[in-house]
Every structure is written in structure tokens, then in C-alpha cells.
Amino acid sequence: MNAEPRRRGHDLSRMDPRHLDLLRELADRGSVTAVAEATRRTPSAVSQQLRTAQREVGGIPLVEPAGRGVRLTEAGRLLADGGRDLARTIAQVQARWDTYLGSASGTVRLATLPSAATILLPGVLDRLAGTEVHLECTDVDIAEPEYSGMVADHDIVVAHSFTGTVPAGAGHLATVALLREPLDIAMRTDHALAAQARVTPQDLALHEWYGVPLGYPFDDLRIAVEATVGTPVRVVQRLRDNRLIEALVAAGDRVAVLPRYSTTPGAGIVLRPVHGMDAARWIVAILRPDRAERLAVRTVLDALRAVGRETAA
């Protein structure tokens, strides 16, 4: 007599949809502790719910030990993907309902790198002033691959990338290109290179630099200059804040990479492109696909795109 198939009789329609969402949270956040913190539960409560979910599917393991924590099994990942599909379907229904009622409303949580916010946020807030959409903003300056992790707690994350319209680590998320912003070399107004319309990599190799932390998109221009001249440039400080870099550049003979549109006008510095290098960064909105369906979120995205087009024009 043949053994009974392991999965026979386990009807997933009886599974609590909240458990699918829990598995999605674990897939997105990577640990029970992180899920517990985000969902305002204790780690033991999350573990209990995972055990309940496993019983609902006939005892098929959904998580397995990994170091000091757990990770999803193949079955757990399959159901986590189902949780994403379910969340997106609910968001689509909500979007249609909002459209039926005639207007977008609610709070949209936005995380954005400060220099992009300098360009985009004033115009976006102006466009939202006559709507029922409230924008809750957080400014954050981190390395490019880290922005994708912020979509777990924010509806829209505005990041940047030197290489293209999909920031590192965001390939599995919804992405919307907002603006391509040229990157230039900043120097004080009476700097020896300021009289030139463009500077060359060879020019720049002769001067000290203020840089950004390793892994930040601006640093790729420094790497390209070094590759062209065949020698390293001297980076004397690595700083995150563009306004601080502007002040330091204006006060001395060192140069730095700064974005063209968001650098403060009249700050005592000038910007010059690098000859032979079409250096730029992409400013991109990244979102979870389900949240991208919300009408309020789409309203904010439309405003971000509109301001980006105006800036580029």
C-alpha cells in the first residue's frame, strides 16, 4: 500500500491571512527579533504564531535554525511570497475604493536622503497642500545598498545610485526614476581651477579632496578619476553632509564631488564638470509593490515625478 502523500488534505484557504503576512515580514526583516520590534510583539509571541502557521499547513516546516536565529524554509519562502501577493491585492482593492470615493487620503511615510529632499520636497509639499494626503518625512543618509531595507517601515524611500535607475539591493522592489542629477567638482570661487569651464582628471589628481564614506555613490567619481590617471588622489576627510562639505570647500583649496542641482547657490563655491566623464547620480523612489498600489502613495509619487521633471528642465 502506498504511503499517504504528506501534503494531502491541507487546505490553505483555512490558513489565517495574518500568518502569511507574518512570514512576509520575516522574509523582509530577516529575524524574529526584528519582526517582533516592528509589529510591537514579543519574540516569543512571534515564534508562537510561526508554530501556529506551521500547524495550519499540516506541520510542514516553515522555518529552520540558522545561527542563533531562524530562516525561512523553501515552503516558508513560498508562503511569504503569497503574503506579498495578498498584501498587493488588498492594496489594489483599497486603491480602487479610494478612487470610487473620489480622492486620495491618509498618511504616506517618506524616507529620503537629505540632498534629494532639498531638490524635491518643497515642490512636493506645495502640490500636496490641497489634498487629504499627509506626508510624514524622515531624512536619512546611508550607503546605497541600505536604502532598500527601509521599505519595510516606509511607504516610499528616495535613494540614489551612480550606476542606474535601480539602486543596489532594490531589484526585487518597485522603483521609479525621479531625476538624473549631474555630479560636478566643487571648488572655491577663486580656486586655481575655477577659471576653467571643465576640469580634467589630471587636474584633479594634483589637489586634495574632501570625500564621502566608502560605498556612497559620489565616491564612484573619485574612483573613475583615479582609474584614468593611474594614481590615487588624497582624500583628507570622508564626510556625509553636503552642506558641511560646501563650507569646507569654500574655506580652502581642496575639492569635492557635489551634485549640481542641490548644491547651495552662492555658497562661495563653483561647480565644474569633469572632462570626458558624464558623471551623474540617479535619484530613485523605491517601494514595496503592495504599497505602490495605494492611491495616496501614487499621489505622492506623481508629485515627486513632476518636481523631478521641472528640475531637469
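Look up a bit, the structure's there.
Small disclaimer: the values here were computed from a predicted structure and weren't measured.

Engineer: Kindly report on the pairing of strand β11 (residues 280–287), identifying the contributing residues and their values.
Structural biologist: Within β11, seven of the eight residues are buried, which leaves it mostly tucked inside the rest of the structure. Relative to β11, strand β5 (residues 156–161) runs antiparallel, the two being bridged by five bridges. Bridge pairing links Val157 to Ile286 in β11. Bridge count for strand β6 (residues 174–188) against β11 is eight bridges, and the pairing is antiparallel. Looking at β11, one finds that Val176 is bridged to Ala285.

Engineer: Outline the packing of helix α1 (residues 17–29) against helix α2 (residues 32–39), supporting the account with residue identities and numerical values.
Structural biologist: A pair of packed helices is captured by two measures, namely the crossing angle of their axes and the spacing between those axes. Following both chains from N to C, one finds α1 and α2 inclined at 115 degrees, their axes separated by 9 Å at the closest point. Where α1 crosses over α2, the two elements pack in a sense that is right-handed. Where α1 approaches α2, its residues Leu22, Glu25, Leu26 and Arg29 are matched on the opposing element by Val32, Ala34, Val35, Ala38 and Thr39. When its residues are assigned to classes, the contact of α1 with α2 shows six nonpolar, one polar and two charged.

Engineer: I'd like to hear about the nonpolar core, residue by residue, with values.
Structural biologist: If you look at the biggest cluster of nonpolar residues, it comprises 42 residues, and the most contacted ones within it are Ile156, Val158 and Leu304. For this core, the elements supplying multiple residues, two or more each, are β3 (105–112), α5 (114–128), β4 (132–139), β5, β6, β11 and α9 (295–312). The element contributing the most residues to this core is α9, with eight residues. Every residue in contact with Leu304, bar those within four places of it in the chain, is listed here: Leu120, Val124, Ile156, Val158 and Leu178.

Engineer: Account for the pattern of salt bridges, with residues named and values stated.
Structural biologist: What the rule picks out here adds up to 27 salt bridges. A salt bridge links Arg18 to Asp16; its shortest N-O distance comes to 2.8 Å. A salt bridge links Asp28 to Arg84; the shortest N-O distance between them is 2.9 Å. Taken together, the positions of Asp28 in helix α1 and Arg84 in helix α4 (residues 74–101) put the pair 56 residues apart, joining distant regions of the chain. On the basis of relative accessibility, which here comes to 30%, the residue Asp28 falls in the partly exposed class. Take Arg84: its relative accessible area is 30%, and that puts it in the partly exposed class. Among the charged side chains, a salt-bridge network with shared partners connects Asp21, Arg24, Glu25, Asp28, Arg29, Asp81, Arg84 and Asp153.

Scoring rules and cut-offs
Residues numbered from 1 in each chain as written. Predicted model: local features only at pLDDT ≥ 70, side-chain atom pairs only at ≥ 80, totals over all residues. Heavy atoms only, no water. Buried < 20%, exposed > 50% of the residue type's maximum accessible area, 1.4 Å probe, protein only. Helix = DSSP H or I, 4+ residues; strand = E, 2+ residues; numbered from the N terminus. Pairing = 2+ DSSP bridges. Axes fitted to C-alpha atoms, helices over the stretch in contact; angles between N-to-C directions. Left-handed = near helix turned anticlockwise from the far one by under 90°. Contact = heavy atoms within 4.5 Å. Nonpolar A, V, L, I, M, F, W, Y, C, P; charged D, E, K, R; others polar. Core = buried A, V, L, I, M, F, W, Y, C linked by side-chain atoms within 4.5 Å. Salt bridge = Lys/Arg side-chain N within 4 Å of Asp/Glu carboxyl O.

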